[in-house]
Amino acid sequence: MTEHPTSHEGRQPLADRPQEQTRPRQEAAPAGLPSDIPAQPAPQLPEPSPAPGPSAPAVAVAVSPKGAEQAGRREGDRLRFVGAATRRIARGLDLDEIVLGLCRATVPAFSDEILVYLRDPLPVGDERPVAPFVLRLRRTDRLRLTDLEGDELVLVPDPDPTPAAELCEVRSGSSLAEVLRGVRPVFGDSAAARAALGELLGPEHPLPRGPRAILAPLRGRRRVIGAAVFLRRAEQPAFDPDDLLVGAQLATHTALGIDKAVLYGREAYIADELQRTMLPDSLPQPTGVKLASRYLPAAETARVGGDWYDAIPLPGSRVALVVGDVMGHSMTSAAIMGQLRTTAQTLAGLDLPPQEVLHHLDEQAQRLGENRMATCMYAVYDPVSHRITVANAGHPPPILLHLDGRAEVLRVPAGAPIGVGGVDFEAVELDAPAGATLLLYTDGLVESRLRDVWTGIEQLRERLAAAAQLTGPDHAPPLEALCDDVLDMLGPGDRDDDIALLAARFDGIAPSDVAYWFLDPEDAAPGRARRLARRALARWDLEELTDSVELLISEVVTNAVRYAERPVTLRLLRTDVLRCEVGDDSPQLPRQRRARETDEGGRGLFLVNRLARRWGATRLSGGKVVWFELSTRV
């Protein structure tokens, strides 16, 4: 019997052929080709035994020991090639890397040209297939001969491969659909295969003669996701039956890798969307404070985590600053983080003290299940009083960067993490001078395998002080640049956890820009409120707003007096806008409605909505506040 050499090892170099007068090619693979697939010399075929003649008795042809040794060597070379090729394919993490690995592994060791077609779009998981589907050319690689240093011929990648169709629609019952349904690779010399290749590659791509083309369907776990076409030039040896087995192995590993890459891409997309919706899209712009934030996942392969930050506007121009860290950085941690963040927003809307907010968060974490642990820092900044109230639940302490460049680690009660249960939380009230910057962060910024948490906190404090020295005294460093500079303290391997960072620059509101009164809940209150507002506007040189402010204050105060039993509060704040706040002890929030022509009331909030820049109402623990803003630029 005759032994057939596998084509990837027995392809005779062009220079070794007697009809071509060239020197042998370089044995090293061209640049960009796989180095882990060794080029094998062409094995010598055993001399064929003479055919038995009519006068001679038929005898069995025995394979010589030398032929058996060569056959074993070829089989070993084939296995080594498949092993090296599949390892290269398996190294790819995303779709492009896997397809590139297939191309680099097979050209030129197995074929002169390869074309990879994939479904567009690629199905994910258990998605039901649709028919007809479209195959799109994902990549094509080809080698060509080039003349280097005289008459020496070498193979290099061809930047201009043979034209092939970019898109191919696979219809039910077509030759291409039948070949793909068969799953197994086929030679391109049969009638069905040539028709299928014609549909796939298009009429402009020439089809080689004989078995010099292999069409290998790429089948994932549930369906065919594409096809790979291996081609050889006419002067090269044709494919043999053993090459179909090699093509099947390459196609199988490639298809399974693409399947995993698509699933991983979908999971990464879901993780990104989950993290994006869990964290605020943008930070608010409350009065008297500037904010900046950063979030870094633990790694590219773990894009979700339990760290979060938030800034929540509160009545009275205050703002709640929150940073938390749920144990772990997985989908479960992100889901728990989202529930705790939503709970914190709801509790902040009730205007509860910081220690009460943490107490209710602790109860919520226990309701979510066992071992739902998290740390949290909750602070409320009042720009009028220039004070900040802080409560802590096992979180690293905040750092306050003063305007003179001094960085101070604030002394706040450590507290127990959220989810422990049965513990009390304490709150402290501290000065928040104008121009100072408060930095809230999670432990991923200061703790790693290379340093403990207190060493990291001291390094962070020194980093902030050094950043302040660059801008000089009486000039606070820009917030965005400060956040970037803080993250630069992390080394290449100095991060094991995700990081949330929230920076707040305290500008405050000067006492001269605040006017505050108490009004008895009586019929004369709206008139007194108009007079007081008129005097304040005259003092601030805002007389052009007098008519609008008097009208809106009259409507809001009238509504407050109607339901209040205790004195009504009236406060005017002058910043970049004019803000008016009216508070009373009634928890019922006003709602805008369209009044009928016969109604005597119900038009107050309609006027507020039409004339004010913004307005709103917030429920407090002891009542509510209705506020509106007017632009100071008329």
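Use the structure listed above.
Residues numbered from 1 in each chain as written. Predicted model: local features only at pLDDT ≥ 70, side-chain atom pairs only at ≥ 80, totals over all residues. Heavy atoms only, no water.

Visitor: It is not clear to me how the overall build of the chain should be interpreted in this structure. Could you clarify?
Guide: Of regular secondary structure, the chain possesses 13 helices and 22 strands. Within the chain, residue pairs in contact and separated by at least 24 positions form 69% of the contacts whose partners lie at least 6 positions apart. Total accessible area computed for the chain in this model is approximately 31500 Å², and 51% of it derives from carbon and sulfur atoms. (Helix = DSSP H or I, 4+ residues; strand = E, 2+ residues; numbered from the N terminus. Contact = heavy atoms within 4.5 Å. Areas by Shrake-Rupley, 256 points an atom, 1.4 Å probe, with all protein chains shown as cover.)

Visitor: Sorry, what's going on with the environment of V568 here?
Guide: Tracing the backbone through its elements, the reader meets V568 in strand β19 (residues 568-574). Ignoring any residue separated from it by four or fewer positions in sequence, one finds V568 in contact with W517, F518, L519, A560, V561, V582, G583 and D584.

Visitor: How should I be thinking about the sheet that holds strand β14 (residues 407-409) in this particular structure?
Guide: The pairing of strands in a sheet happens through backbone hydrogen bonds and is either parallel or antiparallel. Taken together, five strands build an open sheet; the order of strands is β8-β17-β16-β13-β14 and the sheet is antiparallel. Bordering the open sheet on either side are β8 (289-296) and β14, each of which pairs with just one other strand. When strand polarity is set aside, the average angle formed by the axes of neighbouring strands in this sheet is 20°. Inspection of the sheet shows β8 paired to strand β17 (residues 499-506) by eight bridges, in the antiparallel sense. Its bridge partner being in β17, L291 is matched across the sheet by A504. The strands touched by helix α9 (residues 453-471) within the sheet are β13 (399-401), β14 and β16 (437-441), with β13 carrying the most contacts at an inclination of about 15°. (Pairing = 2+ DSSP bridges. Axes fitted to C-alpha atoms, helices over the stretch in contact; angles between N-to-C directions.)

Visitor: Would you take a moment to explain the pairing of β19 for this structure?
Guide: Along a regular strand, successive side chains alternate from one face of the sheet to the other. Counting buried positions over the seven residues of β19 gives six, a clear majority of the element. Pairing of strand β18 (residues 514-519) with β19 involves six bridges; the strand directions are antiparallel. Bridging from a neighbouring strand, Y516 pairs with R571 of β19. Looking at chain direction, β19 and strand β20 (residues 577-584) are connected through six bridges and run antiparallel. Across the sheet, the residue bridging to L570 is V582, located in β20. Linking two consecutive strands that pair antiparallel, namely β19 and β20, is a turn of two residues. (Buried < 20%, exposed > 50% of the residue type's maximum accessible area, 1.4 Å probe, protein only.)

Visitor: Which parts of the structure should I look at to understand the side chain of E629?
Guide: You can see E629 is positioned in strand β22 (residues 623-631). Residue classification places E629 among the buried residues on the basis of a relative accessible area of 2%. Apart from the residues lying within four places of it in its own chain, the contact partners of E629 are V577, L578, R579, A612, R613 and R614.

Visitor: I tried to follow helix α11 (residues 525-539) on my own but got confused; where do I start?
Guide: At 3.6 residues per turn, the α-helix brings residues three or four places apart onto the same side. With 15 residues, α11 extends 21 Å between its outermost C-alpha atoms, agreeing within 8% with the 21 Å of an ideal straight helix rising 1.5 Å per residue. Of the residues making up α11, those classed as buried are A525, P526, G527, A529, L532, A533, A536 and L537. Considering only its buried residues, α11 is in contact with β18, α12 (546-563), β19 and β20. Residue D541 follows α11 closely and has a positive phi angle near 60°. (Expected span 1.5 Å × (residues − 1).)

Visitor: Sorry, what's going on with the pattern of salt bridges here?
Guide: By the definition in use, this model includes 26 salt bridges. Among the ionic pairs, D310 bridges to R341, the shortest N-O distance being 2.9 Å. With a gap of 31 residues between them, D310 in strand β9 (residues 307-314) and R341 in helix α7 (residues 331-349) connect regions that are remote in the sequence. Note on accessibility: D310 and R341 belong to one class, buried. The salt bridge partner of E550 is R534, with a shortest N-O separation of 2.5 Å. (Salt bridge = Lys/Arg side-chain N within 4 Å of Asp/Glu carboxyl O.)

Visitor: For this particular structure, what's the right way to read the nonpolar core?
Guide: The tendency in soluble globular proteins is for nonpolar side chains to be buried as a group. Among the nonpolar cores identified, the biggest contains 50 residues, and L321, L358, L361 and F506 are the most heavily contacted of them. Per-element accounting of this core gives the leading share, seven residues, to strand β11 (residues 374-382). The residues contacting F506, other than those within four sequence positions of it, are G288, V289, Y381, I388, L400, A432, P433, A434, G435, A436 and L438. (Core = buried A, V, L, I, M, F, W, Y, C linked by side-chain atoms within 4.5 Å.)

Visitor: For this particular structure, what's the right way to read the packing of aromatic side chains?
Guide: The description of two aromatic rings rests on the distance between their centres and on the angle between their planes. Scanning the entire structure with this criterion turns up five aromatic pairs. Each ring, one from F81 and one from F110, has its centre 6.0 Å from the other, and the planes form 20°; the classification is stacked. Separated by 29 residues along the polypeptide, F81 in helix α2 (residues 65-90) and F110 in the loop between α3 (95-106) and β1 (113-119) bring together distant segments of the chain. With respect to burial, F81 and F110 carry one shared label: buried. With a centroid separation of 5.4 Å and 40° between ring planes, the pair formed by F110 and F239 is classed as tilted. (Phe/Tyr/Trp six-rings, centres within 6.5 Å; stacked < 30°, edge-to-face > 60°.)

Visitor: Would you take a moment to explain the sheet that holds β18 for this structure?
Guide: Spatially, the five strands line up as an open sheet ordered β18-β19-β20-β22-β21, and their pairing is antiparallel. What marks the edges here is a single partner per strand, and that holds for β18 and β21 (614-620). The average angle at which neighbouring strand axes cross in this sheet is 15°, direction not considered. Running at roughly 165° to β18, α11 makes contact with β18, β19 and β20 of the sheet.

Visitor: Honestly, the environment of L79 in this entry has me stumped. Any pointers?
Guide: Summarising the element assignment, L79 is placed in helix α2. Placed 167 residues apart in sequence, L79 and V246 show a C-alpha to C-alpha distance of 8.9 Å.

Visitor: Would you explain the packing of α3 against helix α6 (residues 241-278) in this entry?
Guide: Two quantities define a packed helix pair, namely the angle between the helix axes and the distance between the axes. Where α3 meets α6, the axes come as close as 8 Å, and the angle between the chain directions of the two elements is 165°. Accordingly, the angle class assigned to the pair α3 and α6 is roughly antiparallel. Once α3 is placed against α6, the crossing between them reads as right-handed. Contacts between α3 and α6 pair L95, I98, V99, L102 and T106 from the former with L250, T254, G257, I258 and A261 from the latter. (Parallel < 35°, antiparallel > 145°, perpendicular 65-115°, else oblique. Left-handed = near helix turned anticlockwise from the far one by under 90°.)

Visitor: What am I meant to see in α7 here?
Guide: An ideal rise of 1.5 Å per residue puts 27 Å on 19 residues; α7 measures up with 27 Å between its terminal C-alpha atoms. Every buried residue of α7 is accounted for by S333, A334, I336, M337, G338, L340, R341, T343, A344, L347 and A348. Check the buried side of α7 and you find it contacts α6, β9, β10 (318-326), α8 (354-368) and β11. Phi turns positive one or two residues past the end of α7, at D351, with a value near 60°.

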